[in-house]
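Reading the structure
For reference, the chains in residue letters:
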Amino acid sequence: RKGSNGAQWGTRQNTSLLDFDMKSEYVAEREAEIREVAANIEELNTIFKELCALIIDQGTTLDRIDFNMENVVAKTNEGVGQLVQAEQHQKQALPVKCIAML
């Protein structure tokens, strides 16, 4: 009987060692996967930071475009006003030219 208990004990030890090795391998795989996820998160963080910088740059560019468009509208309105004045001066000067030619 002692011999059979020893064989069972040896089998249990082998099974326990096999379970431990399998669990250790599983833990090592999980650890590698977690490290990979952490690296991917760091990369994603970098991408978001770069995206944030691009959005800020685009916002600045849009602000400049908006400012320039407002200036274009103001200058265009000013130019239209000057053209109206020039037209009025030209119309007022036309009778003087006619009289001068007579």
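Residues numbered from 1 in each chain as written. Predicted model: local features only at pLDDT ≥ 70, side-chain atom pairs only at ≥ 80, totals over all residues. Heavy atoms only, no water.

**Regarding the overall build of the protein**
Heads up, the rule is: Where helices and strands are cited, they refer to DSSP runs of H or I of at least four residues and of E of at least two residues respectively, numbered from the N terminus. With a 1.4 Å probe rolled over the protein chains alone, any residue whose accessible area is under 20% of its type maximum counts as buried; one over 50% counts as exposed, and the rest are partly exposed. Note on areas: these come from Shrake-Rupley sampling with a 1.4 Å probe, and a residue is covered only by the protein chains present in the view.
Counting secondary structure elements, the protein contains one helix and zero strands. Expressed as a percentage of the 102 residues in the protein, the buried residues total 0%. Entry remark: accessible area of the protein is about 9600 Å², with carbon and sulfur atoms responsible for 62%.

**A word on the pattern of salt bridges**
Pairs can form between side chains of opposite charge whenever their charged atoms are close. To keep things clear, this is the line we draw: Here, a salt bridge means any side-chain nitrogen of Lys or Arg that lies within 4 Å of a carboxyl oxygen of Asp or Glu.
Across all of its chains, the model carries three salt bridges by this definition. Put simply, arginine 30 and glutamate 33 hold a salt bridge, and the shortest N to O gap is 3.3 Å. Remark: glutamate 33 and arginine 30 occur in helix H1 (residues 2-101); sequence separation between them is three residues, near one turn of the helix. In this structure, glutamate 87 engages lysine 91 in a salt bridge whose closest nitrogen and oxygen atoms are separated by 3.8 Å. Highlighted residues: glutamate 87 and lysine 91, both in helix H1, separated by four residues, approximately one helical turn. Assessed through its relative accessible area of 43%, glutamate 87 is described here as partly exposed. In this structure lysine 91 comes out as exposed when scored by relative accessible area, which is 55%.

**With respect to a nonpolar patch on the surface**
Note the following rule: Patches were defined on residues exceeding 30% relative accessible area and lacking a salt bridge, with like-charge contacts within 9 Å and nonpolar side-chain contacts (Val, Leu, Ile, Met, Phe, Trp, Tyr) within 5 Å.
Nonpolar side chains collect at one region of the surface, where Leu44, Ile47, Phe48, Leu51, Leu54 and Ile55 lie side by side and expose about 570 Å² of accessible area between them. Leucine 51 gets classed as partly exposed once you look at its relative accessible area, which sits at 39%.

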